[in-house]
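Breakdown of the fold
Here is how the chains run, residue by residue.
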Amino acid sequence: MLNQNDDHRLLRGGDVKKRMVDDIRSYTDTVEKMPRLVSILIGDVPEAAVYVRNQARTAEQAGLPFEQVNWAGDISQERCKARLLAMNDDPTVLGIILQRPVPDHINVRSLQSAIHPLKDVEGMNPASIGNIVYSDVALAPCTAAASVEMIKATGLPLKGLEVVMIGHSEIVGKPAAIMLMAEGCTVTVCHHMTRSVAMHSRRADVVVVAVGKAHLIGPDMIKPGAAVIDIGINQIDTDDGPKIVGDVDTDAVVDVAGWVTPVPGGVGPVTVAILMRNAIVAHQRQLAAGWL
């Protein structure tokens, strides 16, 4: 369990990430020759650069070889798929990370489907997401899994916990809801057709938000003492220039909630750590399959 900040009760992801990376390092130190993670950028994607740097830095801390490759922005869908299939057959490649966004002519879902489930460290292959329904969450989508880790970090008992998930995307909201149900939580999922989101969120022990709308959630929507897990990342203009904020009005909600994850510095660091933990699961499963 993390210690809450006495003044602001901010639930930061740094301690959770460090614990996870230390555990991963204790595993990789026992492996004589660890295959590499391959991060793929298609075209010029400056907004993804910060994610790649964080992934590379965390991989180094965890003892995982990391390679960044850049493919031309005009590469064809067929060529992308052929390269991914080649990586599937390459025993020196442990896992494949496909950075987003991709050029408009690329069908990202098709490429995610081309990555073998045993090398799908992002948990984006439809097979990986489908496994969650059967409580096989070892290679789950990283952000969804990170939100579960942050709830666990509060020390709240998950069995019977009332959770409201605001947002139902295929790679965050839906898988997070299913993973929380597997932990014994009672989960309500709200979306753009929900008649009164506040009616649901005000009764929740935990509110998880992944919508992509700055400051959508205010203090009037939160039960006193509840945990608020903010997955949103939004850029807003301020007098001091652009600023990254979440879906939660953190400064206002922090006086009501028991825990609030800040943006940045909350779920984000843990998401990267989940990626590395997935890589260890991939290594173990590839060993069991006789691939390594």
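Residues numbered from 1 in each chain as written. Predicted model: local features only at pLDDT ≥ 70, side-chain atom pairs only at ≥ 80, totals over all residues. Heavy atoms only, no water.

1. Observations regarding the overall build of the chain
Assigned secondary structure in the chain consists of 10 helices and 10 strands. Against the globule reference of 19 Å for 292 residues, the chain gives a C-alpha radius of gyration of 19 Å, in line with a compact fold. Summarising its shape, the C-alpha atoms of the chain cover approximately 50 × 40 × 35 Å along the three principal directions. Here the analysis covers contacts within the chain between residues at least 6 apart in sequence; of these, 72% occur between residues at least 24 apart. Looking at charge distribution, the chain has the averaged site of its 27 positive side-chain charges lying 5 Å from that of its 33 negative ones. (Helix = DSSP H or I, 4+ residues; strand = E, 2+ residues; numbered from the N terminus. Rg over C-alpha atoms; globule rule 2.2 N^0.38 Å. Contact = heavy atoms within 4.5 Å. Lys, Arg positive; Asp, Glu negative; His and termini not counted. Charge placed at Lys NZ, Arg CZ, Asp CG, Glu CD.)

2. Section: the side chain of lysine 17
Inspection of the secondary structure assignment puts lysine 17 in helix H1 (residues 14-28). Despite its burial, lysine 17 remains without a salt bridge, the nearest opposite charge being carried by aspartate 22 at 11 Å. What lysine 17 contacts, discounting residues up to four positions off in sequence, is Thr58, Gln61, Pro269, Val270 and Ala273. (Buried < 20%, exposed > 50% of the residue type's maximum accessible area, 1.4 Å probe, protein only. Salt bridge = Lys/Arg side-chain N within 4 Å of Asp/Glu carboxyl O.)

3. Side note on the pattern of salt bridges
Tallied over the full model, the rule gives 11 salt bridges. As a salt-bridge pair, glutamate 149 and arginine 277 come within 3.1 Å of each other at their nearest N and O atoms. With glutamate 149 in helix H6 (residues 142-153) and arginine 277 in helix H10 (residues 267-288), this pair connects stretches of sequence that are 128 residues apart. Given the relative accessible area of 10%, glutamate 149 is considered buried. Residue arginine 277 is classed as partly exposed on the basis of its relative accessible area, which comes to 33%.

4. Examining the packing of H1 against helix H2 (residues 49-62)
Following both chains from N to C, one finds H1 and H2 inclined at 50°, their axes separated by 8 Å at the closest point. Considering their axes alone, H1 and H2 lie oblique with respect to each other. Residues Lys17, Val21, Ile24, Arg25 and Thr28 of H1 form the contact with H2, whose own contacting residues are Thr58, Glu60, Gln61 and Ala62. Class assignment for the residues of the contact of H1 with H2 results in 3 nonpolar, 3 polar and 3 charged. (Axes fitted to C-alpha atoms, helices over the stretch in contact; angles between N-to-C directions. Parallel < 35°, antiparallel > 145°, perpendicular 65-115°, else oblique. Nonpolar A, V, L, I, M, F, W, Y, C, P; charged D, E, K, R; others polar.)

5. Observations concerning the environment of alanine 59
Inspection of the secondary structure puts alanine 59 in helix H2. Residue class for alanine 59 comes out buried when judged on its relative accessible area of 0%. Distance in space between the C-alpha atoms of alanine 59 and isoleucine 24 is 9.7 Å, their sequence separation being 35 residues. In this structure alanine 59 touches Leu64, Phe66 and Met276, once residues within four positions along its chain are discounted.

6. What about the sheet that holds strand E5 (residues 186-190)?
An order of E5-E4-E6-E7-E10 is seen for the 5 strands of this open sheet, with the pairing classed as parallel. Since the sheet does not close on itself, it has two edges, and those belong to E5 and strand E10 (259-260), each with one partner. As paired strands, strand E6 (residues 206-209) and strand E7 (residues 227-230) are joined by 4 bridges and run parallel to one another. Bridged to valine 209 within E7 is aspartate 230. Contacts from helix H7 (residues 173-182) reach strand E4 (162-166) and E5, with the element oriented near 165° to E5. (Pairing = 2+ DSSP bridges.)

7. Observations concerning the confidence of the model for the chain
Of the residues in the chain, 97% reach a pLDDT of 70 or more, and the chain-wide mean stands at 94. In this model residues 1-7 is a low-confidence stretch, pLDDT under 50, and it forms 13 contacts with partners more than four residues away in sequence or in other chains. (pLDDT = per-residue confidence, 0-100.)

8. Concerning the side chain of threonine 261
For threonine 261, the location among the structural elements is in the loop between E10 and H10. Here the side chain of threonine 261 touches aspartate 230 through a polar contact of 2.7 Å, landing on its backbone nitrogen. Excluding residues that lie within four positions of it along the chain, threonine 261 makes contacts with Leu11, Met150, Val228, Ile229, Asp230, Gly266 and Val267. (Polar contact = N/O pair within 3.5 Å; in protein donor to acceptor, adjacent residues only side chain to side chain.)

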